[in-house]
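Given next are the chains, with one letter for each unit.
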Amino acid sequence: MSPQPQTNDNKHPRRIVVAGGGTAGWMAAAAIARTMGRAVELTLVESDAIGTVGVGESTIPPLATYNRLLGIGEAEFMRETQATFKLGIMFDDWRVRGESYFHSFGLTGKDHWSAGFQHFWLHGRSKGHDQSYDEYCLELIAARQGKFAHLPDDGMNYAYQLDSALYAKFLRRMAEADGATRIEGRISGVELDGESGDIAALQLDSGERIEGDLFLDCTGFRALLIEQNLHAGYDDWSHYLPCDSAIAIQTESVRPAVPFTRAMAHDAGWQWRIPLQHRTGNGIVYCSRYLDKEAALERLLGNIEGRTLVQPNFIRFTTGARRKQWHRNCVAIGLSGGFMEPLESTSIHLIQRAVLRLIRMMPMGRVSERDVAEFNDQQFQDMEQIRDFLILHYKATDRRDSAFWRQCAGMAVPDSLVQKIELFRETGRVFRRNEELFAENSWVQVMMGQGIMPRTYHPIAEKLRDDELARLLATVRERVAHTVKTLPDHAAYVSSYCGAARAEAA
Ligand code: FAD
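Residues numbered from 1 in each chain as written. Predicted model: local features only at pLDDT ≥ 70, side-chain atom pairs only at ≥ 80, totals over all residues. Heavy atoms only, no water.

Participant: Is there a simple way to think about the site of the ligand in this case?
Facilitator: Inspection of the region around the ligand gives 34 residues, with V55, S58, I187, L335 and I348 positioned closest. S58 places a main-chain nitrogen or oxygen 2.7 Å from a nitrogen atom of the ligand. Between the ligand and I348 there is a distance of 2.8 Å, counted from an oxygen atom to a backbone nitrogen or oxygen. Coverage of the ligand by the protein amounts to 98% of the 1,000 Å² it exposes when considered alone. Among the elements of the structure, α1 (23-36) and α8 (347-360) are those that each provide at least two residues to the shell around the ligand. Broken down by element, the residue count for the shell around the ligand peaks at three residues, all from α8. Split into classes, the residues belonging to the shell around the ligand amount to 15 nonpolar, 15 polar and four charged. (Near = heavy atom within 4 Å. Polar contact = N/O pair within 3.5 Å; in protein donor to acceptor, adjacent residues only side chain to side chain. Areas by Shrake-Rupley, 256 points an atom, 1.4 Å probe, with all protein chains shown as cover. Helix = DSSP H or I, 4+ residues; strand = E, 2+ residues; numbered from the N terminus. Nonpolar A, V, L, I, M, F, W, Y, C, P; charged D, E, K, R; others polar.)

Participant: Mind showing me how you'd approach the pairing of strand β8 (residues 187-192) here?
Facilitator: Two faces belong to every sheet, and in a regular strand the side chains alternate between them. In this structure, β8 lies alongside strand β9 (residues 199-204), joined through five bridges in antiparallel fashion. Paired with L192 across the strands is I199, a residue of β9. Here β8 folds back onto β9, and the loop between the two strands holds six residues, one of which, G197, carries a positive phi near 85°. (Pairing = 2+ DSSP bridges.)

Participant: Got a minute to help me understand the environment of V484 in this structure?
Facilitator: By the element assignment, V484 lies in helix α13 (residues 466-486). Counting along the chain gives 309 residues from V484 to A175, while the straight-line C-alpha distance between them is 39 Å.

Participant: Would you mind going over the nonpolar core with me for this structure?
Facilitator: Generally speaking, nonpolar side chains in soluble globular proteins are found buried as a group. Core analysis: the biggest nonpolar cluster contains 73 residues, and W94, L392 and Y394 have the highest contact counts within it. Sorting elements by how many residues they give to this core places helix α9 (residues 369-395) first, with eight residues. Residues lining this core come from more than one domain, with at least three contributed by each of domain 1 (11-237 + 322-506) and domain 2 (245-316). If sequence neighbours within four positions are ignored, L392 has contacts with L417, I421, W443, V446, M447, Q450 and I452. The next biggest cluster of nonpolar side chains, apart from the first, holds 70 residues, and it includes A29, L70, I141 and L358. (Core = buried A, V, L, I, M, F, W, Y, C linked by side-chain atoms within 4.5 Å. Buried < 20%, exposed > 50% of the residue type's maximum accessible area, 1.4 Å probe, protein only. Domains from an automatic or database assignment. Contact = heavy atoms within 4.5 Å.)

Participant: Which parts of the structure should I look at to understand the pattern of salt bridges?
Facilitator: For side chains bearing opposite charge, pairing can occur when the charged atoms are close. Counted under the stated rule, the structure contains 34 salt bridges. For D382, the salt bridge goes to R353, with nearest N and O atoms at 3.2 Å. Pair noted here: D382 is in helix α9 and R353 is in helix α8, with a separation of 29 residues, a long-range link. Relative accessible area serves as the criterion here: at 6%, D382 is assigned to the buried category. Residue classification places R353 among the buried positions, given a relative accessible area of 17%. A salt bridge links R399 to D401; the nearest nitrogen and oxygen atoms lie 2.7 Å apart. The buried category is assigned to R399, whose relative accessible area is 3%. Connected through shared salt-bridge partners, R15, E191, R209, E211 and D213 make up one network. (Salt bridge = Lys/Arg side-chain N within 4 Å of Asp/Glu carboxyl O.)

Participant: Even after reading the chapter, I still don't get the packing of α9 against helix α12 (residues 440-449), so can you show me in this structure?
Facilitator: Each pair of packed helices can be summarised by the angle the axes make with each other and by the distance between the axes. Across the interface, α9 lies against α12 with an axial gap of 9 Å and an inter-helix angle of 20°. Taken together, the axes of α9 and α12 lie roughly parallel to each other. Taken as a pair, α9 and α12 cross one another with a handedness that is left-handed. For the pair formed by α9 and α12, the contact residues are D388, F389, L392 and H393 on the first element and S442, W443, V446 and M447 on the second. Class assignment of the residues belonging to the contact of α9 with α12 gives a composition of five nonpolar, two polar and one charged. (Axes fitted to C-alpha atoms, helices over the stretch in contact; angles between N-to-C directions. Parallel < 35°, antiparallel > 145°, perpendicular 65-115°, else oblique. Left-handed = near helix turned anticlockwise from the far one by under 90°.)

Participant: Could you clarify how one ought to interpret the packing of aromatic side chains in this entry?
Facilitator: Between two aromatic rings, the relevant description is the distance of the centres plus the angle of the planes. Considering all chains together, one arrives at 31 aromatic pairs under this definition. Taking 6.3 Å as the distance between ring centres and 40° as the angle between the ring planes, the aromatic pair formed by F85 and Y160 counts as tilted. One end of the pair, F85, is in strand β3 (residues 84-86); the other, Y160, is in strand β6 (residues 159-161), with 75 residues separating them in the sequence. For F85, a relative accessible area of 0% gives the class buried. On the basis of relative accessibility, which here comes to 2%, the residue Y160 falls in the buried class. Ring geometry for W270 versus W272: centroids 6.2 Å apart, planes at 55°, classification tilted. Given a relative accessible area of 2%, W270 falls into the buried group. The class of W272 is buried, set by a relative accessible area of 7%. In textbook terms, an aromatic cluster arises when at least three aromatic residues are bridged by ring pairs, as seen for F91, W94, Y101, W270, W272, Y290, Y394, F404 and W405. A cation over a ring is seen here: R387 above W237, with NZ or CZ 4.7 Å from the ring centre. (Phe/Tyr/Trp six-rings, centres within 6.5 Å; stacked < 30°, edge-to-face > 60°. Lys NZ or Arg CZ within 6 Å of the ring centre and 35° of its normal.)

Structure representation (structure tokens):
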């Protein structure tokens, strides 16, 4: 006879305690409350006095899946978070000053199963078809022209630019409606079980004690539970990703919102510009070794549009990853699990991955060390793959005009990235491994945008006769151009689909 499955060894439902109520805390609470319902008892503690990191506005396409999973209607979500659509990121001055390229969502051209579209495009170039690679990507051309619409059959790949504080508020309402309890207060101590070493309870300033079976550390850079108390360790990646400081500021919008984020390189880092419905998010990311705080602020203020709406928010960070994202009965979610700088808008996505992964591995009785090992492996792999993609932007540059860029160009990078770059340079090939977040199109766009051009291409491209090749290239280009022509202006589309002003007026 097969053994009976083990059931919950406690008499009460599993008690999950979320420490922290930033984007991470509320994303976790909303998803767990909605998915697990009364199978768990969920409590979130946050402190208004401490506040959140107050940034995080640009996202990537999988967030739509997360929202769908939670049953969140898109138009309502966008209205509530003052969101706009995002089709990609425009990178200015990264390879050389004065040049821009796009990393867009979606696909470029038409792949063959044996070879990506870049091989056919490269072959076309050798035959005198000198149109840019960009012209074969719908999302990219739509972004450049400031256009957007939903298309049938998920024909337009997009993400959102949103106000993350409003997103957290929105999720809080959902989580509370689904049974989560919120407690306002500062966590002043973490009580460990003398025998197991697990977290037994959180102590609050008020004297209150919150017991739990599983604790989610969503306390941001403080990593109050996972590091300050459980000492999970941190892998410092600042030798690969040297920026360690940021200043964020919000400004009035001075023009209709474009459907993309801008990442403008400067001589010691880069600057973001993210258009939302009600304002624009701006920030400078820099390496403090080469730029001091005052000069960074001056540079940021000298390159923004519109009146500033808030005081600048100064942030320090060390790029890297928590060595054990899940340790004992504590899971780090959000900035407590690590931070790899915001260049490709991946942090909110990592929260999403961690939360969904945790729900899949939700323990029944005691925490299984197998679950812990699996979770940590998967989470760390996600982070390493994203890390490599981010490093690519700094390493593959022709800029030598400042000490910062000379350091980036000369730095040693992980073998995994060397392999990716050299494989592409030699053969034009890119392979996506193990559910890697960034697919082939992302790598190809950024590698070519940063100046890495393949020396050869797949021989299958030569199977096409010249007229067949010309027809293939022209058909894709014309389809893209024709579709973009029919699209409405992005800002007008947002206003009619989910305009926040409409909600206020109603
Ligand atoms: P926080 O927002 O810091 O929240 C921590 C919570 O813990 C707060 O509620 C706080 O009150 C609570 N807390 C802490 N200590 C205690 C205590 N002792 N007692 C009680 N409560 C406590 N991500 C993206 O995806 N896209 C972006 O464009 C992007 N841009 C970024 C730009 C910068 C410069 C930085 C630094 C980050 C950016 N991120 C971005 C990351 C994103 O901001 C975070 O992933 C996201 O906000 C989640 O933060 P968090 O909830 O982990 O931490």
